[in-house]
Every structure is written in C-alpha cells, then in structure tokens.
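# Working through the structure, step by step
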Amino acid sequence: MSKKMFKSESKKLLNLMIHSIYTNKDIFLRELISNASDAIDKLVFTSLTDKSFKVNKKSLAINISFDKDKNTITISDNGIGMNEKELDDNLGTIAKSGSEAFKESLDKGSKNIDIIGQFGVGFYSAFMVADKIEVRTKKIDSDKAYLWKSSGEDGYSVEECDKDTNGTEITLFIKKDTEEVKYSEYLDENKLKELIKKYSDYIRYPIIINNETINTMIPLWKKNKKDVTEEEYTNFYMDRFNDYEKPLKVITSSVEGDATYKALMFIPKKAPFDYYSKDYEKGLALYSSGVLIMDKCSELLPDYFSFVKGIVDSEDVPLNLSRETLQKSYSVRVIAKSIESKIKKELEDMLKNDKETYKEFFKVFGSNLKYGVYDNFGANKDKLKDLLMFYSSTNKDLITLDEYVKKMPEDQENIYYASGESIEKIDSMPQIDILKDKKYDCLYLTDYVDEFALTAISEYSGKKFINALSNNFDLSSKEEKDTLEKENNDSKEMLDEMKNIIGDVSEVKFTNKLKDHAVCLESSGDISIEMEKVFKAMGNMPINANKVLEINKDHKIVDKLKETYKSNKEEFNKLTKILYTEAAIVAGVNITNPTEISDLIIDVIAK
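Residue positions are given per chain, counted from 1 along the sequence in the order it is written. The predicted origin of the model limits local features to residues at a pLDDT of at least 70 and limits the giving and counting of side-chain atom pairs to 80 or more, whereas totals for whole chains, interfaces and linings rest on all residues. Only hydrogens and water are set aside when side-chain values are computed; all heavy atoms of the structure are taken into account.

### Looking at a nonpolar patch on the surface
Only residues whose relative accessible area exceeds 30% and that take part in no salt bridge are eligible for patches, with like-charged residues grouped when within 9 Å of each other and nonpolar side chains (Val, Leu, Ile, Met, Phe, Trp, Tyr) grouped when within 5 Å. Note on areas: Shrake-Rupley with a 1.4 Å probe; residue coverage comes only from the protein chains shown. Every case where a carboxyl oxygen of Asp or Glu lies within 4 Å of a side-chain nitrogen of Lys or Arg is listed as a salt bridge. A contiguous nonpolar surface patch, about 320 Å² in accessible area, is contributed by Tyr371, Tyr374 and Tyr448. Tracing the backbone through its elements, the reader meets Tyr371 in helix H8 (residues 355-378). Think of it in three bands: with a 1.4 Å probe and only protein chains considered, a residue is buried below 20% of the maximum accessible area for its type, exposed above 50%, and partly exposed in between. The partly exposed category is assigned to Tyr371, whose relative accessible area is 37%. Labels follow the DSSP assignment, with helices taken as runs of H or I lasting at least four residues and strands as runs of E lasting at least two, numbered in each case from the N terminus.

Written as structure tokens, this is what we have:
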C-alpha cells in the first residue's frame, strides 16, 4: 500500500472544500446519504439494461450506525459499489463526480435519470466533522473489494480488503470537541435522526438507524393530488411549519417546460407572530430531487406573497458548488414567475368562488397585497389591484374596486375614499354627510398603507380616486361654486387674518359641504393628513400636509366671526383658535397647546 496525493492541487483545494465552500457542518450527512442514494440508483438502472444483475429492490437501503466508544459514524449502502479505478478516480480527484460521469455515459433517451450528485465535492464535506475517513467498497460485478483511507490534505491510500456484499461503506472518525464546536453531538441518535428528517426525508430508499426507517421516502408533493387526503395535507403543514391551525388554502402545482418543478404551498389562517417584523424570513423550502437545499429560498416568492409557506422541488435549479445556495439563472426566474402566477390565480379563484374565505384571508394578509401595489413605484399595481378589498360605507363590509365601480350611480364620476383611525371615526367625519345624502359609496381606509396604495393605482376602470377629506373634493354645481367663490372673495381679509392667527394652515375658506357641522380640517396637494401621520409614526423626516381649515358658510358661527372681526379682535382671535382646534380634533391631528385652548374655551363659555 502506497500513499497517493490528490490529483487536483490537493492541499489547497481540499482546504477550500472544508473551510470555505460549505458553511453548515450539518450538511455532511445530507451529502453522504445523497451519494449512497445515487449508488443504489445506478445499480437499479444498470440492472434494467443488464439482465445478469439480479436486484431485490425491497432490500435496497441506506444504513447508518454510530459508535460512541470508537467515535465513528458509518453510512453504508448496497448500491453498485466501485472498483479500484473508480475509487481512485472519484475519491482521488476532487470535484470529479462519478454520478455526473454516469449520467453522461447514458444514451440521450435515458438522461432524465434522477441522479442527485453533480459536482463530486459532497463527499469531502465529511472532513468538516471527521479527521479521518475510511471507505470500503465492492462493485456488483467484481470479486475484489477495496479500502480507501484519508486523513485529509496529506493524501489517501487504496488497498484490497474483505467485503462480502456489493456496495459502499463510509466510516467517519469524528473529530474531538473543541471550545467552538461540539463534534460529539453527531454521535447522538436523535441528532442523526433530526438531520435525516430535515435534509434527506424524501430520499427514495429507506434510511435505517437501529432497524428503524427514519425517512418518509415519498414526498407528499410527488403524489397524485387525488390520492392525498385533506387530513394528510393538514398534518404535513402543521408539522412542517409549526402551526397549530390547519391552513386556509392548499396550493399544488406541477409544471413541465422551460423549468420543471413540483410545488406544494399553503396559505396560513393567521400570520406568524413575527410576520410584520424585520426578523421574518420569507421563502419556500427548495428541494432538488427530494433533497433539501435551502430551508427558505426567498428568490421564489415576491414580497407581496411572502405569507405563502411551502416547498418547491426541481432538478432544474442551478446550485452553487456546495448545493447550499442558488445561482442566479433563467430557470430560477421562470419558476418564480410561474409560482407567482399560480398563487395569484388561486387567490382570484378564492375571491370569485369563496368570498367569505377570501375576506378572512384578506383581513390577515391584505396589507401585504396593498404594500405590493404601492412598492417599487407601483410597478405591480396592475397585477394586484383586483385582489384588493376596502370597507364600503354603504355595504358595511369589504368590497373590491370592481364591485364598487359596478354599483356606482350613473351620475357619480369618481371613486371616493376617506382615511382615519377607525370605521366609526371616519363615518362621523363632517365631510362624509354629503356623500351619504347623494347615496355615493365611500371607501373607508383604516390601514396605514391604504391611501398609498390607492394613490399608486391613481384610477380604476377610468374612474379617479378622490379623497373625501381633501380640498379638491367638491360635489357642487357650477352655480353653487360661483356663489361660494363670491362669499370667499368678500371675506378674504378676515379669512387671511384667521390663517395668520392659526399659523399651521395653508388656507382658511368657507365651504358648502358640511351640512350641520361648523368646521373641518382638510388637506391640499399630494400629502393628506393621514399620510402625514404615517410618516411621523415611521420616524422619517417630517413630511407635513398642507392643511386647509374649512368653515360652513351657512353655520351661525360665521355671523359671530364676522361680528367679532369688526368689533373685538381679541375675541376673534380666541374663536379662531378654538375653531381650528375643534377641526383638528375631529381630523385626529395632535394639539400641541391643549392647556391654552382649554383656557380659551372656559373663558368664552364663562361670558
């Protein structure tokens, strides 16, 4: 027996394999199990083309054992095995894959065989946890068995050995514990089972520890949907995603074409506790041929569908050398696009055919869709706008924009909305009364992102969105507008003086839209009063709305204002501040001088 050096710039490359390519030590078991599965696959396929090989498919399995006294883990299979040359080529040359070579040797009609290995580096991940590895192997058609030994970067040796059965047996001599890493945890049966369930649960052959089969073998998403019960889907979801409630919706997808994949996805009933925090990670679990590659692949879900949980299994996604991360590629984009379309269609079908369930969904995750409309300068608004729902003042329930437009009276030109802290507060706003009189519906927006979403959409079905709490909301006739304009012009000097006294408004004017109410506070321009509140709550740079104080021209307070403006400027000053405060309170604007205003009110009442 002679010592051999690795055939690829050994020391440097192997050091890179162990210390740089792999970031997670746990995956060593995944890689060795995948190699064992490939070896069995090769045996099965070879037996189909060479009838001299007799294979009992029921006996095919991967066995894992451990010995705490000897500090070893052994992974063995009864697959095709290797002869001396294959052993030397495959394990003596880093980054040479026997599985890939096997696939390339097949005729074109058979190249769809599902072999996991691609790069030939997975075996070397075992050196992350082992300081020595021994491989005993015997090829199916050979009388000789061979032993490969290596302690890592200093090379390897190959010699004949005894082995009664075909297949490969890999023994890892586990490293001693350090302060940083407790390697001995891999000698614990529960830890090994945990890694098998996490990474290799859907390997197609039994993975056995102490005569117990650990893996599920057949993924639920690869079964025909008609053969899977609702209970099976529910149990899978609750167990896999740690939810105590069954999912609101199950979505299955099987696609062949530019990118072939199977997907099993779920819409939860409730948002996870950290869903709206920066700690939440979106993404679908990514499998390649039933082997877990990434627990949460964010590239497969757009942000606005981040609530979806599930699994995607595809052989077409290009992985990096360690099979821990994706490479950017056309296939990934195609799969992500297809998944997005599938989720959208399922939501549209739910909205159309099961509206009550959709409303249940929307109350939990609707903010996400609305944010998707607003985000990225409204790039996705056309995809999502028909999925949005808002509270209707006439229906007293959530409705879609399409439903709003379809029930508009013939004389209504625009879609009206109003924002506030609650349905009750919006409904009591002075400006809403005129819409009620006209029997025009108004969308009540109580979510912080609502108004931003409608602003991004701008119009729907040719109808513009008009804020009923803004300065440009006006249902007056031309004659009424002319009369109001004259009233404002005649009182311009007094109204300008009120503006100067208040200081926090861009304009004070008379209005004819308040019915029995005296005043209201509105906004002009693109930033509404509610938007200002959102910006302030987010802690951004102060972005203020241009506030407009509107006074009911037909209210008796107008006569009082005109009288005191001419006769008692001090009293006029007090009335102005009190009126502004009343309007600000109704609009939900913070009052910075409550004590002063309280004293003024008491003073006026006492007279």
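Next comes the rest of the account.
### A look at the pattern of salt bridges
Considering all chains together, one arrives at 47 salt bridges under this definition. We note a salt bridge from Lys370 to Asp447, for which the minimum N-O separation is 3.5 Å. Pair noted here: Lys370 is in helix H8 and Asp447 is in the loop between strand E18 (442-445) and helix H13 (450-457), with a separation of 77 residues, a long-range link. With its nearest N and O atoms 2.8 Å apart, the salt bridge here joins Lys547 to Glu532. Linking Lys547 in strand E23 (residues 546-552) with Glu532 in helix H16 (residues 529-537), this pair joins segments that are 15 residues apart in sequence. Exposure class is identical for Lys547 and Glu532. Each is buried. Each of Asp26, Glu185, Lys191 and Glu194 takes part in a single network of salt bridges with overlapping partners.

### Considering the packing of H13 against H16
Axis geometry follows a simple rule: fit a line to the C-alpha atoms, using only the stretch in contact for helices, then measure angles between N-to-C directions, giving values from 0 to 180 degrees. Running from amino to carboxyl end, H13 crosses H16 at an angle of 120°, the nearest separation of the two axes being 9 Å. Classified by the interaxial angle, the pair formed by H13 and H16 is oblique. For the element pair H13 and H16, the recorded crossing hand is left-handed. Counting all contacts with H13, which are made through Glu451, Phe452 and Thr455, the residues of H16 involved are Glu530, Met531, Val534 and Phe535. By the convention adopted, Pro, Cys, Tyr, Trp, Phe, Met, Ile, Leu, Val and Ala count as nonpolar, Lys, Arg, Asp and Glu as charged, and the other residues, Gly among them, as polar. Partitioned by chemical class, the residues of the contact of H13 with H16 number four nonpolar, one polar and two charged. Under this scheme an angle from 65 to 115 degrees is roughly perpendicular, one under 35 degrees roughly parallel, and one over 145 degrees roughly antiparallel; angles in between are oblique. Each crossing gets its handedness from the near helix: less than a right angle anticlockwise from the far helix is left-handed, clockwise is right-handed. Residue contacts are defined here by distance: any two heavy atoms, one from each residue, within 4.5 Å place the two residues in contact.

### Observations concerning helix H6 (residues 230-240)
Among the residues of H6, those classed as buried are Tyr233, Thr234, Phe236 and Tyr237. Relative to the axis of H6, the buried residues are bounded by an arc of 165° and lie together on one face. In this structure, H6 carries Glu231 and Asp239 as exposed residues pointing more than 90 degrees from its buried face. The directions considered for the arc are those from the helix axis to the C-beta atoms.

### A few points about unusual backbone geometry
Even without being glycine, Asn71 reaches a positive phi, approximately 65°. As for its position among the elements, Asn71 is in the loop between strand E2 (62-67) and strand E3 (72-77). Unusually for a residue other than glycine, Asn242 sits at a positive phi of about 55°. Take Asn242: it is sitting in the loop between H6 and strand E10 (249-255). Residue Asn242 is classed as exposed on the basis of its relative accessible area of 71%.

### Quick word on the nonpolar core
Formed by 73 residues in total, the largest nonpolar core has its most connected members in Phe305, Phe307, Ile339, Leu347, Tyr358 and Phe361. The dominant element in this core, judged by the number of residues it contributes, is helix H7 (residues 330-353), at eight residues. In this structure Ile339 touches Tyr261, Met265, Leu284, Leu300, Leu301 and Val312, once residues within four positions along its chain are discounted. We define the nonpolar core as a collection of buried residues of types Ala, Val, Leu, Ile, Met, Phe, Trp, Tyr and Cys that are connected through side-chain atoms lying within 4.5 Å of one another. Counting 60 residues, the second largest nonpolar core, distinct from the first, contains Ala36, Ile75, Trp148 and Trp221.

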